[in-house]
Amino acid sequence: MYSEKVMDHFSNPRNVGEIENADGVGTVGNAKCGDIMRMFLKVENGIITDVKFKTFGCGAAIATSSMATEMVKGKTLKEALQLTNAAVAEALDGLPPVKMHCSLLAEEAVKAAVEDYMKKHPDAVI
Amino acid sequence: MNRIYMDNAATTAVSPAVVEKMLPYFTECYGNASSIHSTGRDARKALEEARRRVAAVLNCSPNEIYFTSGGSESDNWALKGAAFANRKKGKHIITSAVEHHAILHTCEYLEKQGCEITYIPVDADGLVNPADVEAAIRPDTILISIMAANNEIGTIEPIEEIAAIAHAHGVLFHTDAVQAIGAIPVDVQKIGCDMLSLSAHKFHGPKGVGVLYIRKGVRLENFMHGGAQERGRRAATENVPGIVGLAEAITLATENLEEKNARIAALRDQLIDGLTALPYVRLNGHRTKRLPGNCNISVQFIEGEALLLRLDLAGIAASSGSACTSGSLDPSHVLLAIGLPHAIAHGSLRLSLSDTNTQEDVDYVLNTLPGIIETLRSMSPLYQDFMEEQK
Ligand code: FES
């Protein structure tokens, strides 16, 4: 039921783990199924230089976390905020309809981590 | 890669002996059992012989065996048939919170038709308390339906006691024995049930064929309307190859039951002991009143679908009651009914054995699963939080 890309990111997730003293951390829960995703960011001059994640969730949740980290790494905070769940799902060659809500988690986790960074660095401009 | 099948509660492989028995009924003895000519009569003979064999196993008369398309149809027929036939007597049905969806969703349908249903809760092991059933009986109760054994957590219910209570109050008793055949002795006289459902593919028979046992004298509205098959009670041309396969499979499955199950239960116990020895892993279901092939655990801090996918990549087929695998986004109603919080129900894993499993299978699972659990936990924010709290 999952695409090859989803299975690839699920079995070899990229950027899994945590960042000590991260500049921004966001944790979000999925209201629908109770799954949880946490994103860690390292930011330099408005650019995401490193990103890591931890996820408690299904195969789609893990694969979208992994893909989302790849998509925001090296990007500006502004670009990261523009990441949509549809873009993450598309980059994975699609998700089964019942699993689309899992990709929302990835979008929201990135946003939450950026917001956390903004809170800690009120002077930062994006 | 080695492929290990530990999802026998979902379905089983058809045994070669069963296939062999079935084959002639596709191409040689393919007649319609209702036809008058000899091709039809040969099919009829096979059908009635199969009926006798099933009756011998269940300890009833062949006239009390009705072939259906499987467990779900049998459950639907038993409940709807009893509800519609007893409209004048009452509209109240008692069942349990842990029944298969074929029972629970049929009950929901009957509620819409004006029936009232009491869902008896279970204890932490998944057991129904017969006293709760008795207390729920009302003057307008027409039927009690409690499963013989639970498909998810393997708990064996005290159906003999419940059947006796039902009869003491003049109420019909049905049991869904789909998981029980070939796992525990199933004798309809000993149980004292009025109706019993079973399905061939759970005991190495073919899919799409089952039985509803209906005790002589029990009135049921027909479920399938059409021709006069099954003595006018269940229309549709009989699935002769399937029925022949079912009869062979049930005979084989119930031979040497004790000996066979002692071996399976020993393998199951190795799984249970080995896996529950891992940190933050618990057993679901009763430890001893349990199907010989069922091991159901909850692995804390990880999610069941991710676990299943990893196991599948390692060549192991299993199942889970996690929300993410159910399509409904709620964890299994059985795991919630035994009181598990959502997060723990989420990390459930069912390994179900049959006599096709070997010691090597069990060793492989016990060697493979801990590493998978560790990997997934290392990725889990819940585990991270828990470990930080522990410090
Ligand atoms: S995140 Fe829960 S179903 Fe995918």
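Residues numbered from 1 in each chain as written. Chains lettered and ligands numbered in written order. Predicted model: local features only at pLDDT ≥ 70, side-chain atom pairs only at ≥ 80, totals over all residues. Heavy atoms only, no water.

**Looking at the overall build of chain A**
Heads up, the rule is: Numbering of helices and strands runs from the N terminus, with a helix taken as a DSSP run of H or I at least four residues long and a strand as a DSSP run of E at least two residues long. Both definitions apply: the radius of gyration is a C-alpha atom measure, and the globule rule equals 2.2 Å times residues to the power 0.38. The rule is simple: take the accessible area with a 1.4 Å probe, protein chains only, and divide by the maximum for that residue type; under 20% is buried, over 50% is exposed, in between is partly exposed. Residue contacts are counted whenever heavy atoms from the two residues lie within 4.5 Å of one another. By the counting scheme adopted, Arg and Lys are positive, Glu and Asp are negative, and His together with the chain ends is not counted. Charge positions come from single atoms, namely NZ of Lys, CZ of Arg, CG of Asp or CD of Glu.
Helix and strand counts for chain A stand at five helices and three strands. Taken from the N to the C terminus, the helices and strands of chain A come in the order α-β-β-β-α-α-α-α. On C-alpha atoms alone, chain A measures out to a radius of gyration of 14 Å, which is about the 14 Å that the 2.2 N^0.38 rule sets for 126 residues. Expressed along its principal axes, the backbone C-alpha trace of chain A runs to roughly 45 × 25 × 25 Å. Scored against the burial criterion, the 126 residues of chain A give a buried share of 55%. Residue pairs in contact within chain A that sit at least 24 positions apart in sequence constitute 62% of those at least 6 positions apart. Within chain A, the 17 negative side-chain charges are centred at a point lying 2 Å from the centre of the 14 positive side-chain charges.

**Structural notes on the overall build of chain B**
Of the regular secondary structure elements, chain B holds 17 helices and twelve strands. Here chain B has a C-alpha radius of gyration of 22 Å; the compact-globule value for 391 residues is 21 Å, and the two agree. By its C-alpha atoms, chain B is 75 × 50 × 35 Å across when sized along the principal axes. Of the contacts made within chain B by residues no fewer than 6 positions apart, 71% connect residues no fewer than 24 positions apart.

**Considerations on the pattern of salt bridges**
Residue and element names in this part refer to chain B. Rules: Basic side-chain nitrogens of Lys or Arg form a salt bridge, by our definition, when they fall within 4 Å of a carboxyl oxygen of Asp or Glu.
Taken as a whole and judged by the stated rule, the model has 25 salt bridges over all chains. The shortest N-O distance in the salt bridge between D273 and R287 comes to 3.6 Å. Remark: R287 occurs in the loop between β9 (281-283) and β10 (294-299) and D273 occurs in helix α11 (residues 257-276); sequence separation between them is 14 residues. The structure contains a network of salt bridges with shared partners spanning R44, E48, R51 and E230.

**What to know about the nonpolar core**
Threshold: We call a set of buried residues a nonpolar core when its members are Ala, Val, Leu, Ile, Met, Phe, Trp, Tyr or Cys and they connect through side-chain atoms within 4.5 Å of each other.
Within the largest apolar cluster, 67 residues are counted, with the highest numbers of intra-cluster contacts made by A:M39, B:L307, B:L349 and B:L351. By residue number, the principal contributor to this core is helix α5 (residues 100-120) of chain A, which donates nine residues. Counting residues in each nonpolar core, the second largest holds 66 residues, with B:V188, B:L196, B:V244 and B:I338 among its members.

**Thoughts on the interface of chain A and chain B**
Heads up, the condition is: Polar contact is defined as a pair of N or O atoms within 3.5 Å, subject to the rule that within protein one atom must be able to donate a hydrogen and the other to accept it, and that residues adjacent in sequence are counted only when both atoms are side-chain atoms.
Opposite the 25 residues of chain A that make contact, chain B presents 21 residues. Inspection of the region where chain A meets chain B yields two salt bridges. In this assembly, chain A and chain B are joined by twelve residue pairs in polar contact (both at pLDDT 80 or more). Secondary structure elements with two or more residues in the side of chain A that touches chain B: α1 (4-11), β2 (36-44), β3 (47-56) and α2 (59-72) of chain A.

**Looking at the packing of α2(A) against helix α12 (residues 304-313) of chain B**
What counts, and what does not: For helices, the axis comes from a line fit to the C-alpha atoms of the stretch in contact; other axes are also lines fit to C-alpha atoms, and the angle between any two N-to-C directions lies between 0 and 180 degrees. Throughout this description, any angle smaller than 35 degrees is read as roughly parallel, any larger than 145 degrees as roughly antiparallel, any in the 65 to 115 degree range as roughly perpendicular, and the remainder as oblique. Polar here means any residue other than Ala, Val, Leu, Ile, Met, Phe, Trp, Tyr, Cys and Pro, which are nonpolar, and Asp, Glu, Lys and Arg, which are charged; Gly is therefore polar.
For the pair α2(A) and α12(B), interaxial distance at closest approach is 7 Å and the crossing angle is 85 degrees. One finds that α2(A) runs roughly perpendicular with respect to α12(B). Here A:G59, A:A60 and A:I62 of α2(A) lie close against α12(B), whose contacting residues are B:E305, B:A306 and B:L309. Considering only residue class, the contact of α2(A) with α12(B) consists of four nonpolar, one polar and one charged.

**Comments concerning the packing of aromatic side chains**
Residues and elements named next belong to chain B. For the record, the criterion: When two rings of Phe, Tyr or Trp (its six-membered ring) have centres within 6.5 Å they constitute a pair, described as stacked for plane angles under 30 degrees, edge-to-face for angles over 60, and tilted for the intermediate range.
Taken as a whole and judged by the stated rule, the model has five aromatic pairs over all chains. Where Y280 meets F301, the ring centres are 5.6 Å apart and the plane angle is 75 degrees; that geometry is what we call edge-to-face. A residue pair is termed long-range when its members are at least 10 positions apart, and Y280 in the loop between α11 and β9 and F301 in the loop between β10 and α12 qualify at 21 residues. With a relative accessible area of 9%, F301 lands in the buried category. Ring plane angle 80 degrees and centroid distance 4.9 Å describe the contact between Y280 and F386, whose orientation is recorded as edge-to-face. Taken together, the residues Y280 in the loop between α11 and β9 and F386 in helix α17 (residues 381-390) connect sequence positions 106 residues apart.

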